[in-house]
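Topology and contacts: notes
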Amino acid sequence: MKIAVMGYGTVGSGVVEVIETHVSSISKGTNGEKMEVAKILDLRDFPDDSHAALFTKDFNDILNDPEIKVVAETMGGVNPAFDFTMKLLKAGKSVVSSNKELVAQKGPELLQMAEESGSNYLFEASVGGGIPIIRPMSQCLVANNIEGIAGILNGTTNFILTKMIEDGMTFADALKLAQDNGFAEKDPTADVEGFDACRKVCILASLAFGKHVYPNQVETEGISNITLEDVSYIEGANGVIKLLGQIKKLSDDKIAAFVSPAVVWNGSQLASVNGVFNAILVRGDAVGDVCFYGQGAGKLPTASAVVADMVDCVKHIDRKKFFGWGEGAEDYVVDYKDSIEMPFYVRAKATENKVKSAFGEVKFLSRIGQPSDEKAFITDKMTQNELSKRLEGFEVINTIKVTNY
Ligand code: HSE
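Along every chain, residues carry numbers that run from 1 in the direction the sequence is written. Given that the model is predicted, a residue must reach a pLDDT of at least 70 before its local features are reported, and side-chain atom pairs must reach 80 or more before they are shown or counted; all residues, however, enter totals for whole chains, interfaces and linings. Remark: hydrogens and water are excluded; side-chain values derive from all non-hydrogen atoms of the structure.

**Quick notes on the sheet that holds strand 1 (residues 2-6)**
Cut-off, in case you're wondering: Criterion used throughout: strands pair if DSSP finds at least two bridges between them. Think of it this way: any DSSP run of H or I at least four residues long counts as a helix, any run of E at least two long counts as a strand, and we number them from the N terminus.
Strands sit in the order 3-2-1-4-5-6 across an open sheet of six strands; the sheet is parallel. Taken across any chain shown, the strands that pair with only one partner, and hence form the sheet edges, are strand 3 (55-56) and strand 6 (121-122). Across five bridges, the pairing between strand 1 and strand 4 (residues 68-73) is parallel. Note on strand 4: the bridge partner recorded for Val5 is Ala72.

Next up, the structure:
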């Protein structure tokens, strides 16, 4: 069967490579049907590439070719990927995508179009790169009521935090190293400020609870305020700081979802996820906790997931897979600051007495070089709004949520 690839960057070129180098394993999945790359769409020139004859700059070459039935969208960004994908789905072609931004912003419209035209729109690679998570959640865990999800969803920030924790590197130096290694998004703000993780939270929450969650409904805080002093206090208390996406079911029609740095105690499966690796912990009422771990980014890991979706589309070429979720609602995602109680790490200029009179008995933390007027401690469980009230009058240096995953 003829297929096409739109976007010949890191992931798109990986998709072509995997299709060409894994013919035998792919054909086992497609029941013998061979996948042939017929067109590659990219506005750039690749004169030395061995696929030079397959390149086109005109999307219509793919749209109007009746033999191309499955298309991989590895372009990234909302436009023109949205327009192209809608047109392909409308024409009855199946589309697979690694584009988390597009799915998070426009998922309902794309899924609706696939529904209407009987085509398939799959995006395993949009969350966790090569980690199987979308299909396990939509199939293997379907008997569960999902209670919550916590994930290390961004490799770049996990790499930066790991370098700060293990090598005592500053945030700025670790970010530069991540950029030099090519992990970071084109604009590192999307990684560092948590927007990339936020998009993945939207997709996981939509899948887990059946209604679309939009990025503007997920309060998002990145890691740029985390310092080596915070790392050191937490390390002394047997924990690590991770950028976590957290989703919690509150009732049948309310959830909370947020992205933020979080203290994870050693012993949690998430604490030992280091470097560019990702992990997603899903808490179901029947299965308990299950953790999905692997490479959340990179050429071949992400291509592995894209090609698996293409194989699934080839297998279901005349059948619509039952997959997707419904439109979201404005009041469906509630403000976690009022609704979720958790302990907090607090670092402030204060005396022990001042801390005790605001918080009662707390667990004080220490670090080498701690100034005598600086206190760091872990509070009891409370909402973020309650924390803010109790910290009135404090000279706060930083606060970090403590997770129970
Ligand atoms: N920049 C992303 C990351 C790539 O670091 O995880 C995969 O989404």
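**Description of the packing of aromatic side chains**
Keep this limit in mind: Only the six-membered ring of Trp is used, alongside the rings of Phe and Tyr, when aromatic pairs are assigned; centres must lie within 6.5 Å, and planes under 30 degrees apart are stacked while those over 60 apart are edge-to-face, with the rest tilted. Throughout this description, buried means an accessible area under 20% of the type-specific maximum (1.4 Å probe, protein chains only), exposed means over 50%, and partly exposed covers the range between. By definition here, charges over rings are those cases where NZ of Lys or CZ of Arg is within 6 Å of the ring centre and within 35 degrees of the ring normal.
Evaluated as defined, the whole model comprises 14 aromatic pairs. Taking the centre distance of 5.4 Å and the plane angle of 55° together, the rings of Phe123 and Phe323 count as tilted. Of this pair, Phe123 sits in the loop between strand 6 and helix 6 (134-140) while Phe323 sits in the loop between helix 12 (299-315) and helix 13 (336-339), placing them 200 residues apart in sequence. For Phe123, a relative accessible area of 1% gives the class buried. Note on Phe323: relative accessible area 14%, which makes it buried. Members of the aromatic cluster, connected to one another through ring pairs, are Tyr121, Phe123, Phe323 and Trp325. Over the face of the ring belonging to Phe82 we find Lys106, whose NZ or CZ atom lies 4.8 Å from the ring centre. A cation over an aromatic ring shows up here: Lys354 above the ring of Phe394, its NZ or CZ 4.8 Å from the ring centre.

**What to know about the nonpolar core**
Stated precisely, the cut-off is as follows: Residues grouped as a nonpolar core are buried Ala, Val, Leu, Ile, Met, Phe, Trp, Tyr and Cys residues, joined through side-chain atoms within 4.5 Å. By the convention used here, residues are in contact when the closest approach between their heavy atoms is within 4.5 Å.
Within the largest apolar cluster, 122 residues are counted, with the highest numbers of intra-cluster contacts made by Val15, Tyr121 and Met310. Broken down by element, this core gets its largest block of residues, ten residues, from helix 10 (residues 195-209). In this view, Val15 contacts Val5, Ala72, Thr74, Ala303, Val306, Val307 and Met310; residues no more than four positions away in its chain are not counted. By size, the runner-up hydrophobic cluster in this structure holds 17 residues, among which are Met342, Ala348, Ala350 and Leu391.

**Quick look at the pattern of salt bridges**
What counts here: Should a side-chain nitrogen of Lys or Arg be within 4 Å of a carboxyl oxygen of Asp or Glu, the pair is scored as a salt bridge.
Summed over all chains, the structure comprises 26 salt bridges. Salt-bridge contacts for Glu101 lead to Arg199; the nearest nitrogen and oxygen are separated by 3.8 Å. Taken together, the residues Glu101 in helix 5 (residues 100-117) and Arg199 in helix 10 connect sequence positions 98 residues apart. A single network of salt bridges, built from pairs that share partners, joins Glu124, Arg135, Asp309, Asp312 and Lys321.

**A word on the packing of helix 7 (residues 155-167) against helix 8 (residues 171-180)**
Helix packing geometry: the angle between the two helix axes and the distance between the axes. We apply this condition: Axes here refer to lines fitted to C-alpha atoms; in helices the fit is confined to the stretch in contact. Angles between the N-to-C directions go from 0 to 180 degrees. Roughly parallel means an angle under 35 degrees; roughly antiparallel, over 145; roughly perpendicular, 65 to 115; everything else is oblique. Left-handed describes a crossing whose near helix is turned anticlockwise from the far helix through less than a right angle; right-handed describes the clockwise counterpart. Classes in brief: Ala, Val, Leu, Ile, Met, Phe, Trp, Tyr, Cys and Pro nonpolar; Asp, Glu, Lys and Arg charged; the others, Gly included, polar.
Running from amino to carboxyl end, helix 7 crosses helix 8 at an angle of 135°, the nearest separation of the two axes being 9 Å. With respect to helix 8, the axis of helix 7 lies oblique. The crossing of helix 7 and helix 8 is right-handed. Seen from helix 7, the contacting residues are Thr156, Phe159, Ile160, Lys163 and Met164; seen from helix 8, they are Phe171, Ala174, Leu175, Leu177 and Ala178. Here the contact of helix 7 with helix 8 is composed, by residue class, of eight nonpolar, one polar and one charged.

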